[in-house]
Amino acid sequence: MTSPSSSPRVAIVGGGPAGLMAAEVLAAGGAQVDLYDGMPSVGRKFLLAGKGGLNLTHSEALEPFLSRYGARRAQVESWLSAFSPQQLREWAQGLGVGTFVGSSGRVFPTDMKAAPLLRAWLARLRASGVRFNMRHRCLGFAEASSIALRFASPQGEQRVEADAVLLALGGGSWSRLGSDGAWAPWLAQRGADVAPLRPANCGFDIGWTEHFRSRYAGEPLKSVALRFDGDGGAHFQQQGEFIATETGVEGSLVYAASSHLRDAIEAHGSATLHVDLLPGRSLEWVRDELAHPRGPRSLSTHLKTRLGLHGVKAGLLYEVVPRADMNDPARLAAFIKALPLKLVAARPIDEAISSAGGVRLESLDEALMLRAQPGVFCVGEMLDWEAPTGGYLLTACLASARVAGAGVLRWLAAGEASPDASRAGP
C-alpha cells in the first residue's frame with residue numbers, strides 16, 4: 001500500500017453493509033478511506049436485520065437466483081459476476097464466520113448472529129486504515145462546481161473534500177436508522193435521475209371486519225399458496241405462509257409478491273390475489289369432502305373434520321365468502337382453492353423491509369459512477385432495483401459495493417480526480 005500522504009482520498013457516506021464493503025475494497029487498493037455516518041455507530045441496520053438470524057444469501061442455483069431481480073436482472077447479474085453468493089460465503093469464512101444452509105435454502109452464519117461478523121469486519125477495516133466519522137449526517141454537496149460534501153456533526157457543520165465520493169445511503173424504509181431518502185433531492189440536482197422511493201417487501205391493507213381483526217390479527221396462515229396475475233403477463237405463484245395483521249396481510253409469501261401487488265395498486269387502485277388454503281389437495285377432492293353429509297354438525301365442525309380447516313383459515317372463509325355460497329359445496333370448494341383477497345394499499349414505506357426506486361441505473365456507468373457527476377459513485381439500496389427477502393437484497397448490495405469500489409480505484413488510477421482535491425480531514 002502506498003503511504004497515506006500519496007494515497008488518493010475517498011469519502012464514503014453510509015455505514016451499512018454496502019458502505020463497509022466498498023471501504024474494504026478501496027482500502028485494499030491503496031486509497032485513504034474516510035467513512036461518514038449519521039448514527040453513533042455503523043452497521044445498525046445490519047444488526048437489526050440479524051436479530052432473528054442473519055440471512056446472508058441464498059443457496060439456490062444461479063439461474064433462479066438471478067430471476068429474483070426482475071427487470072433489473074441483467075444489471076445485477078453483472079454485479080454478481082464480481083461477487084457471487086458463493087464468494088460471499090467465502091468472504092464470511094475469511095472473517096472467521098462459518099455459514100450453513102437452512103431448510104428454506106437460505107444461508108446463515110453458523111451462530112445465526114450478525115454481531116460477531118460485524119465486529120470481525122470492523123476490526124479488519126480499522127487495521128487496514130479505514131477511519132470512521134460517526135454522527136456525521138450528510139447535507140449534500142457544498143458547492144455546485146465540486147464534489148465536496150457538507151456534514152452536520154457534533155462540532156457543527158463541516159466541509160469535506162475528497163478525490164472521489166461513494167454514496168451508500170440506503171433507501172427510504174429505515175428512517176430511524178438513517179435510511180430516510182433525504183439524499184434524493186440534492187442528488188437529483190446533480191443530474192441523477194431518481195425514481196420515487198416506494199415500499200418493497202411490505203404488507204398490504206385489506207380492511208378486515210372488526211370481528212375478524214379482533215380474533216385473528218397476528219395469526220399465521222401456514223401451508224398456503226398465493227397466486228397473482230397482473231398486467232403485461234406479470235404472474236406470481238408460490239407456496240408458503242403469511243400473517244393476518246390488524247389491517248391486512250404481511251409475511252414472507254406476501255413480501256415475495258409485493259412488487260407485483262404494489263404496482264397493480266398504483267395502476268388500478270387495488271389488487272386482488274388468490275389464496276389456495278389447501279394447496280396439497282385438488283379441487284375435486286375438496287368438493288367431494290364438502291359434499292359428504294354432515295348431519296347435525298355445524299359447518300365449522302364439518303370444515304375442521306373433513307378438511308382440517310379451522311382457526312384463521314376458517315375465519316378467512318367466513319370473512320370473504322358470501323353467506324349463500326358457504327352452504328354450496330361446489331362454490332365453497334372453489335373459494336377454498338382460490339380465495340380472493342382485495343388489497344387496497346401498500347403499508348407506508350417506513351414499515352417496509354426495503355424500498356424500490358432510487359437512482360436509476362441508466363444514470364450510472366458500468367462502475368456505478370454518476371454520468372452527470374464524475375467522481376461520485378452510488379451503491380446498494382439507494383439504486384433503483386429491488387428483490388424479495390431471502391438473502392437476495394444483502395447479496396446484491398454487497399456485490400454492487402465491490403463493483404463500485406473497484407470502479408473508484410480504476411477512475412483514480414486513470415487520473416480523473418481533480419488535482420486540487422484536499423487531503424485534509426474534516
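Residues numbered from 1 in each chain as written. Predicted model: local features only at pLDDT ≥ 70, side-chain atom pairs only at ≥ 80, totals over all residues. Heavy atoms only, no water.

A. View of the sheet that holds strand β20 (residues 376–378). Strand order in the open sheet formed by five strands is β6-β2-β1-β10-β20, with parallel pairing between adjacent strands. The two strands at the open ends of the sheet, each matched to only one other strand, are β6 (131–133) and β20. Between one strand axis and the next, the sheet turns through 20° on average, direction left out of account. Examined bridge by bridge, strand β1 (residues 9–13) and strand β2 (residues 32–36) share five bridges and lie parallel to one another. Bridged to Val13 within β2 is Tyr36. Against the sheet, helix α1 (residues 17–28) makes contact with β1, β2, β6 and β10 (164–167), and its axis sits at roughly 170° relative to β2, the strand it touches most. (Pairing = 2+ DSSP bridges. Helix = DSSP H or I, 4+ residues; strand = E, 2+ residues; numbered from the N terminus. Axes fitted to C-alpha atoms, helices over the stretch in contact; angles between N-to-C directions. Contact = heavy atoms within 4.5 Å.)

B. Up close: the side chain of His302. Summarising the element assignment, His302 is placed in helix α11 (residues 299–307). Note on His302: relative accessible area 1%, which makes it buried. A distance of 3.2 Å separates a polar atom in the side chain of His302 from the backbone oxygen of Leu290. A distance of 3.2 Å separates the side chain of His302 from the side chain of Arg297, its partner in a polar contact. (Buried < 20%, exposed > 50% of the residue type's maximum accessible area, 1.4 Å probe, protein only. Polar contact = N/O pair within 3.5 Å; in protein donor to acceptor, adjacent residues only side chain to side chain.)

C. Layout of the sheet that holds strand β4 (residues 99–101). Here we have three strands laid out as an open sheet, ordered β3-β5-β4, and antiparallel in their pairing. At either end of the open sheet lies a strand with only one pairing partner, and these are β3 (57–58) and β4. In the sheet, β4 pairs with strand β5 (residues 106–109) via three bridges, with the strands oriented antiparallel. Residue Phe100 lies in a different strand from β5, and its bridge partner there is Phe108.

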